[in-house]
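Working through the structure, step by step
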Amino acid sequence: MQFRRPSAPRPLAVVLAVAVLTATPAALPALPTGPAVPAAATGPAGLPTVGTHPHAPATAYPLGSLLPEPPVDPEDASLRLGLTAHHDVARELNGLIATSDRVSAQVVGSSVGGRDLVLVTLTASESAEEGREQERMRERILEDPVRAARDRELLADYKVPVLVNANIHGNEWEGTDAALRLVREWATSEDPAVLRTLETTRLHLMVSANPDGRVTNARHNAAGFDLNRDLLTVSQPETRALRDVVVQTQPAMVLDVHGYVNGTLVEPTTPPHGENYEYDLFLEHAWPNALGIEEAVLELGLDEDDGVRPPQVPLRDWDEGWDDWPPIFVPQYAALHGAVAHTVEVPLRVNNASYDLPETELRRRASINVEVAHAAMTATLDYVREHREELLADQVEIFRRGLAGEEQRPVAEGLHGVVGPEDVSLTDYPRAYVVPAGDGQRSAPAAARLVRHLVEHGVQVQRAESPVTVDGTTHPEGSWVVDLHQPRRGVAHALLGPGSDLSDRVEAMYDISGWSLGLLWGADVSTVPSGSGQVDRWDLSDDPVVPVDPGVEVTPSGTGWVLALADPADVRALGDLLALGVGVTVLRDGRVHVPVSAGWAVDQVADDHGVALDPASPAQVREAEQDAGARVTTPPVVGVAATAEELWALTDMGLTVRPVDTAALNEGLDLSDLDTLYVSTGLAVDQLDPEARDEVRAFLADGGGLVARGTAAAHLDDALDLLDVQVRTGPGDANGVVAVVDEDGPVAGGSPEHTFVYGPRWFTDLGDGVQVEQRYAADPLVAGHWRSGGAAGGPEDAAGQAVVVRGRTDAGARVVLMGTDPLFRAHPQGQHAVVARALLWTTGS
């Protein structure tokens, strides 16, 4: 395999993630969870600044430390709205910390752009012993809920944790200012209700969950991710920090402040409701708290003259379209941890095109939005204070049901006068899940990544100290067991369970409808059926799963080694080999042969990435020797026109990428430095001027490759006459987990049996020379929302059809077309390597 442009070996351009190391029967690999936060320094008044994330809630309040103060940024987008610039958040909080024993703040992480993520805690002061007792009670609620329910001292003295999250969408600013106003007021208030709330709660406030977006007037973070879609995969440092706050503080009530829906929108939501919640307990508090928020907003006296319409509660006022099905949003994720949680959308738009309104109007709107957000916060705290014991008792009951393995209880139809049969969503929990270890696991890096992920979400994972058998298959000692008789069973099942087909239940969904990491992350996961008593008889370690670096040993070989590109970790290992100057040969089945002379490098990448390299067979050696055109000596350079999430996935695998788009091509971008293209969006051939279109055609005619996905696959195929296929489409909003079958080719051979689709496509009427790499299974939709009928094709139309195809253009360029969404939001990580293999295949000659 020869690249179009010979060059000296070069290092990889971007590596965003440290490799996941293979797990051994003894432990999980340790990985960093995000960029390091600034080192401790001295702040105002001589107090030490906070520079690390606590691995458990603080043992005493106030913390007595100040925040690092960033430099002033006069371009901060908040300033035009008359709101608090990011650089002033720490300054204001430091002033309050220095003068009030109720206010604490700490840096809990760092954004992609390097800005501090700050958690503020408001509570009455506690001694170290009182703080330790609060922690003991928190642990008892989670780990021994039966005892906690009978513990009168706990019920009387436990400070109920409340979490307010603001500004997770960077250009929805006002929640930050409402939170700061609340801290400012409560720092010195002598109102008896405030004092009682401080004595009975710990109020935690993520004052800005997306400071990069706040400063730059962007919804997304600096990597282009919508953080309020990332709570299950937590691919970004901001969501990792927020997840850790939820896991460690264990909030009983959560408020997530957004904009802009007029009138003010206050959850609970329309159906379908998430099937992993204890919704009967959730709604007991979510409904009356929503009405309290509504009343507080109405009491502000805002009306049509102000441009403000009355509040709306989707459960009451909408039929569908604002559901809480996927736990990818902050409130829905928090509900899995026993919280009653709400999104609140303040009313008056100030972002997007509205940001260009006159400054006086922007500031008027923003001021109203701050008032609304503040009213929602204070009303919620009033509810928590007045219903503290019931709220706490129901959180304890959620954990008790999980630990006992009890069936869910349906929410009563007619409850509060708004609950109907469509509001009942239940799931059948299996008894347990087993993630096999050792040779019984498809991908050791994938298994390690998945189990580490579970542990970081607070899921209890145990190790099997002897072999365990599930449905006649015996898994080796050291396999991981996730017993769903545990308090956070909802979290575990949401991550590992397959999900449900919602296609016939509702016409439309707000966002994605399927997401199973148990099916999409590339690890084998076995399900132990409900009612099985065998888990109680298994020899399981009670020791917590602790991340450590196990190291990896490579079997000596006189024939070289073979690396199967089955996981992102394998792709990173390949990139490192190439960057170290080791040439490899791509075999016909998509694996790569590493020569005997590279033994030193093999040991290094295996240890760094935890990947398995097996001794090459004689047949593989012969193939490597005979196919000189398949030899690779430098990392391919990939031109990328794609979503931010796809760019993240490609760089996460260590690929060398260059941005490509329509505008750059029209401005004369030269493609000759590239080896192949990945295109899903941003490159529209019909918008290219003649010279730019000729550049693309010349690139392909000169041996450049192309991998195209989704709509781009259809448009590019039509415009450039790439492959002899017909492209068929499903509904644009159809999405979910789908079953696929691979055809043992170099691109998708041996890949996992499940992937993700959003706006599914497939290929029919395949011409000569077009090879199928992957097909939809006979019954493709496993979980999600993909309706039959209408002009667009349903899953029955896609069944058995080709979804990944490859071939050559008339000019000889290698092309791969994909109808799935294998890089979607970091969900289908088990399919990421398929894209890497496609890119590698298209660089061949």
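Cut-offs applied
Residues numbered from 1 in each chain as written. Predicted model: local features only at pLDDT ≥ 70, side-chain atom pairs only at ≥ 80, totals over all residues. Heavy atoms only, no water. Buried < 20%, exposed > 50% of the residue type's maximum accessible area, 1.4 Å probe, protein only. Helix = DSSP H or I, 4+ residues; strand = E, 2+ residues; numbered from the N terminus. Pairing = 2+ DSSP bridges. Axes fitted to C-alpha atoms, helices over the stretch in contact; angles between N-to-C directions. Parallel < 35°, antiparallel > 145°, perpendicular 65-115°, else oblique. Contact = heavy atoms within 4.5 Å. Nonpolar A, V, L, I, M, F, W, Y, C, P; charged D, E, K, R; others polar. Phe/Tyr/Trp six-rings, centres within 6.5 Å; stacked < 30°, edge-to-face > 60°. Salt bridge = Lys/Arg side-chain N within 4 Å of Asp/Glu carboxyl O. pLDDT = per-residue confidence, 0-100. Polar contact = N/O pair within 3.5 Å; in protein donor to acceptor, adjacent residues only side chain to side chain. Core = buried A, V, L, I, M, F, W, Y, C linked by side-chain atoms within 4.5 Å. Expected span 1.5 Å × (residues − 1). Arc of directions from axis to C-beta.

With that out of the way, let us pick up the pairing of strand S5 (residues 253–259). If a strand is regular, its side chains alternate between the two faces of the sheet. For S5, the buried fraction is high: seven of the seven residues fall into the buried class. Taking every second residue as pointing to the same face, both faces of S5 are buried, with Met 253, Leu 255, Val 257 and Gly 259 on one and Val 254, Asp 256 and His 258 on the other. In terms of strand pairing, strand S3 (residues 160–166) meets S5 through five bridges, oriented parallel. Opposite Asn 165, over in S5, you have Asp 256 as the bridge partner. By the bridge criterion, seven bridges tie S5 to strand S9 (residues 340–346) in an arrangement that is parallel. Opposite Val 257, over in S9, you have Val 344 as the bridge partner.

Relative to the helices and strands, Val 146 resides in helix H3 (residues 145–150). Sequence separation of Val 146 and Ser 208 is 62 residues, and the distance between their C-alpha atoms is 37 Å.

Between helix H2 (residues 128–143) and helix H13 (residues 388–404), the least distance of the axes is 8 Å, while the angle of their chain directions is 45°. Taken together, H2 and H13 sit at an angle that is classed as oblique. On the side of H2, the interface is formed by Ile 141, Leu 142 and Glu 143, while H13 contributes Leu 392, Gln 395, Val 396, Phe 399 and Leu 403. Here the contact of H2 with H13 is composed, by residue class, of six nonpolar, one polar and one charged.

Read across the sheet, five strands follow the order S19-S16-S18-S17-S20 without closing on themselves; strand pairing throughout is antiparallel. Two strands close off the open sheet at either side, each with one partner strand: strand S19 (613–615) and strand S20 (631–632). Pairing of strand S17 (residues 584–586) with strand S18 (residues 592–594) involves two bridges; the strand directions are antiparallel. Across the sheet, the residue bridging to Val 586 is Val 592, located in S18.

Below, the discussion takes up the packing of aromatic side chains. What the rule picks out here adds up to 12 aromatic pairs. With centroids separated by 6.0 Å and ring planes inclined at 65°, the aromatic side chains of Phe 329 and Tyr 510 adopt a geometry described as edge-to-face. Taken together, the residues span a long stretch of sequence, with Phe 329 in the loop between strand S8 (323–324) and helix H11 (330–335) and Tyr 510 in the loop between helix H15 (489–496) and helix H16 (517–520) at a distance of 181 residues. For Tyr 510, a relative accessible area of 33% corresponds to the partly exposed category. Measuring from centroid to centroid gives 4.6 Å for Phe 756 and Phe 824, while their planes differ by 15°, and the two rings are stacked.

Close approach of charged atoms allows side chains of opposite charge to pair. A full pass over the atoms with the stated rule returns 50 salt bridges. Taken together, the shared-partner salt bridges connect Glu 278, Asp 280, Glu 397, Arg 400, Arg 401, Glu 406, Arg 409 and Arg 489 into one network.

The subject of this paragraph is the sheet that holds S9. Spatial ordering of the open sheet is given by S1-S2-S4-S3-S5-S9-S6, a layout of seven strands whose pairing is mixed. The open sheet has two edge strands, strand S1 (103–110) and strand S6 (265–266), and neither has a second partner. Here seven bridges tie S1 to strand S2 (residues 116–122), and the two strands are oriented antiparallel to one another. Within the sheet, the bridge partner assigned to Gln 106 lies in S2 and is Leu 119. Seen against the sheet, helix H6 (residues 192–200) touches S2, S3 and strand S4 (201–206) and runs at an angle of roughly 90° to S4.

This part covers the confidence of the model for the protein. On average, residues of the protein carry a pLDDT of 91, and 92% of them reach 70 or more. Note on residues 1–56: pLDDT under 50 across the span, and 186 contacts to partners over four residues away in sequence or across chains.

Looking now at the side chain of Thr 764. Tracing the backbone shows Thr 764 in strand S28 (residues 761–764). Separated by 3.1 Å, the side chains of Thr 764 and Arg 728 make a polar contact. If near-sequence neighbours (up to four positions away) are discounted, Thr 764 is found in contact with Val 725, Gln 726, Arg 728 and Gln 801.

Turning our eyes to something else, we now look at the nonpolar core. With 145 residues, the main nonpolar core has Val 120, Leu 205, Leu 283 and Val 482 as its most contacted residues. Tallying contributions element by element places helix H12 (residues 359–386) first for this core, with 13 residues. With sequence-adjacent residues up to four places away left out, Leu 283 is seen in contact with Pro 268, Pro 288, Leu 315, Val 411, Leu 415, His 416 and Val 419. Counting residues in each nonpolar core, the second largest holds 36 residues, with Leu 655, Trp 762, Trp 786 and Val 835 among its members.

At their nearest, the axes of helix H18 (residues 568–579) and helix H26 (residues 832–842) sit 8 Å apart, and the two run at 35° to each other. On H26, the residues touching Pro 568, Val 571 and Leu 574 of H18 are His 832, Ala 833, Ala 836 and Leu 840. In the contact of H18 with H26, the residues fall into six nonpolar, one polar and no charged.

Moving on: helix H23 (residues 690–701). For H23, which comprises 12 residues, the first-to-last C-alpha distance of 16 Å matches the rise-based estimate of 16 Å (1.5 Å per residue) to within 8%. Within the span of H23, buried status applies to Ala 692, Val 696, Phe 699 and Leu 700. Axial view of H23: buried residues confined to an arc of 95°, hence all on one face. The exposed residues of H23 that point more than 90 degrees off its buried face are Pro 690 and Glu 691. Its buried side turned inward, H23 meets helix H22 (662–666), strand S23 (676–679), strand S24 (705–709) and helix H24 (711–720). The positive-phi residue at the C-terminal boundary of H23 is Gly 703, with phi of around 100°.

Okay, helix H14 (residues 444–456) next. The end-to-end C-alpha distance of H14 is 18 Å, a good match for the 18 Å that 13 residues give at a rise of 1.5 Å each. Judged by how many residues are buried, H14 sits mostly within the fold: 11 of 13 residues are covered. Every buried residue of H14 is accounted for by Pro 445, Ala 446, Ala 447, Ala 448, Arg 449, Leu 450, Val 451, Arg 452, His 453, Leu 454 and Glu 456. Put simply, Ser 443 is the residue that caps the front of H14, since its side-chain oxygen is 3.2 Å from the backbone nitrogen of Ala 446.

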